[in-house]
Amino acid sequence: MEQQKIALVTGANKGIGYAIAHGLGQEGFRVAVGARDDARRDAAVQKLRADGVDAFGVALDVTSDESVAAAARAVASEAGRLDVLVNNAGISGSLADGAQDPTTLDLDVVRTVLDTNAFGAVRVTNAMLPLLEGADSPRIVNMSSDMGSLELHTGPLLAAYAASKTMLNALTVHYARRLADTNVIVNSACPGYVATDFTGHDGPRTPDQGAVVAIRLATLPDDGPRGGFFNEAGPLPW
Ligand code: NAP
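Residues numbered from 1 in each chain as written. Predicted model: local features only at pLDDT ≥ 70, side-chain atom pairs only at ≥ 80, totals over all residues. Heavy atoms only, no water.

> What should I look at first to understand the pairing of strand E2 (residues 30–35) in this one?
The two faces of a sheet get side chains in turn, since along a regular strand they alternate between them. With respect to burial, E2 is a largely interior element, 6 of its 6 residues being buried. Alternating positions in E2 separate into two faces, Arg30, Ala32 and Gly34 on one and Val31, Val33 and Ala35 on the other, with burial throughout. By the bridge criterion, 5 bridges tie strand E1 (residues 6–10) to E2 in an arrangement that is parallel. Residue pairing in the sheet places Thr10 in a bridge with Gly34 of E2. Following the chain from E1 across helix H1 (residues 15–26) to the adjacent parallel E2, one finds a crossover that is right-handed. For the segment spanning E2, helix H2 (residues 38–50) and strand E3 (residues 55–59), crossover handedness is right-handed. (Buried < 20%, exposed > 50% of the residue type's maximum accessible area, 1.4 Å probe, protein only. Helix = DSSP H or I, 4+ residues; strand = E, 2+ residues; numbered from the N terminus. Pairing = 2+ DSSP bridges. Right-handed = clockwise from strand over helix to strand, strands pointing away.)

Rendered as structure tokens:
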């Protein structure tokens, strides 16, 4: 019998991350719910279990080296390896007083947003790689945004947030190049404009719809694309 696959989703307590955890659980994965707040994490794990998902919680603040190292130890002791990592945790950063207008850009906001959206993915990926390398078909999905595309020029002017996703896309390319000779497949995903707390529930898409592309990239066949940027409809321009 095939071994049950293990997936870690960061920022899985709500929004698109929760929907990814739910969707992967429905595909038969055992899901590690990465979340920084104990109560929100426990509530999400209970809700997933009530829906038939084999879920367990992992305390994880992607901005903390200590928390990320402890999370890797927790996944190792609970599951022994990792098949899928979805770097989903993300923040928009403050928009107050022109903080993300490029002409009045607040560099502290830039640092804060990069620390979660880009450096957070690096921290978690590098801590989890030894566990991923123990899997037969490891996949890493970086939850990006078309706002990070240098070609599309889309969405509101959010110079910290959009640039953080551009950097995340660059990291996807570099990880894919570095891991080209391995079985670890790394891609970036764009969920579309999704109604979550992040968007003030303004987007036209549901979290389940936003999760589709990440679930697809998390379950790519061994000859699937590497180092790409995709939404549900297909490849996106960088
Ligand atoms: P959300 O509902 O605000 O959820 C964000 C998740 O990230 C929450 O679970 C949050 O945890 C977690 N998080 C934030 N900082 C964290 C940290 N330091 N450590 C661990 N977890 C942290 O947002 P969403 O709409 O689902 O967005 C998920 C991802 O999709 C983000 O990367 C976002 O940039 C991307 N995205 C969203 C849209 C959209 O339209 N919604 C479009 C394009 C891309 P807490 O509950 O503890 O805050």
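> Teacher, can you tell me more about the site of the ligand here?
Among the 29 residues in the neighbourhood of the ligand, the closest are listed as Asn13, Asn88, Tyr161, Val194 and Thr196. Between an oxygen atom of the ligand and a main-chain N or O atom of Gly11, the distance comes to 3.2 Å. A distance of 3.3 Å is found between an oxygen atom of the ligand and a backbone nitrogen or oxygen belonging to Gly192. Every element with two or more residues in the shell around the ligand is listed here: H1 and helix H6 (159–178). By residue class, the composition of the shell around the ligand is 11 nonpolar, 12 polar and 6 charged. (Near = heavy atom within 4 Å. Polar contact = N/O pair within 3.5 Å; in protein donor to acceptor, adjacent residues only side chain to side chain. Nonpolar A, V, L, I, M, F, W, Y, C, P; charged D, E, K, R; others polar.)

> Explanation requested: the side chain of Gln100 in the structure shown.
Here Gln100 shows up in the loop between strand E4 (84–87) and helix H4 (107–117). Ignoring sequence-local partners within four residues, the contact set of Gln100 consists of Ser92, Gly93, Ser94, Leu95, Leu105, Val109, Leu157, Leu158, Ala159, Ala160 and Tyr161. (Contact = heavy atoms within 4.5 Å.)

> What is the right way to look at the sheet that holds strand E6 (residues 185–189) in this model?
Pairing between the strands of a sheet is mediated by backbone hydrogen bonds and can be parallel or antiparallel. Judged by pairing direction, the sheet is mixed, and its 8 strands sit side by side in the order E3-E2-E1-E4-E5-E6-E7-E8 without closing on themselves. With partners counted over all chains shown, the strands left at the sheet margins are E3 and strand E8 (234–235), one partner each. Packing against the sheet, H2 makes contact with E2 and E3, and its axis sits at approximately 170° to E3. Packed onto the sheet, H6 meets strand E5 (139–143), E6 and strand E7 (229–231) and runs at close to 160° relative to E6. (Axes fitted to C-alpha atoms, helices over the stretch in contact; angles between N-to-C directions.)

> Please explain the packing of aromatic side chains as it appears in this structure.
Two aromatic rings, taken as a pair, are described by how far apart their centres are and by the angle between their planes. Going through the model one piece at a time under the given rule, you end up with 2 aromatic pairs. Between Tyr161 and Phe198, the ring centres sit 5.4 Å apart and the planes meet at 55°, which makes this aromatic pair tilted. Of this pair, Tyr161 sits in helix H6 while Phe198 sits in the loop between E6 and helix H7 (207–218); the two residues are 37 residues apart in sequence, bridging distant segments of the chain. Classification of Phe198 by relative accessible area gives partly exposed; the value is 39%. For the pair Phe229 and Trp238, a centre-to-centre distance of 5.5 Å together with 25° between the ring planes defines the contact as stacked. Phe229 gets classed as buried once you look at its relative accessible area, which sits at 2%. Sitting over the ring of Tyr18, Lys47 keeps its end group 4.6 Å from the ring centre. (Phe/Tyr/Trp six-rings, centres within 6.5 Å; stacked < 30°, edge-to-face > 60°. Lys NZ or Arg CZ within 6 Å of the ring centre and 35° of its normal.)

> Would you explain the environment of Pro235 in this entry?
With respect to the helices and strands, the residue Pro235 is situated in strand E8. Taking relative accessible area as the criterion, Pro235 reaches 69% and is therefore assigned exposed. Residues Pro235 and Thr154 lie 81 residues apart in sequence; the distance between their C-alpha atoms is 16 Å. Filtering out sequence-adjacent residues up to four positions away, Pro235 remains in contact with Phe229 and Phe230.

> For this particular structure, what's the right way to read the packing of H1 against H2?
Packed helix pairs are characterised by how far apart their axes lie and by the angle those axes make with each other. At a minimum axis separation of 11 Å, H1 and H2 run at an interaxial angle of 35°. Regarding H1 and H2, the two cross each other, and that crossing is right-handed. Contact residues: H1 offers Tyr18, Ala21 and His22, while H2 offers Ala44, Lys47 and Leu48. Along the lines of polarity and charge, the residues of the contact of H1 with H2 split into 4 nonpolar, 1 polar and 1 charged. (Left-handed = near helix turned anticlockwise from the far one by under 90°.)

The values reported here are purely geometric and, on their own, carry no functional implication.
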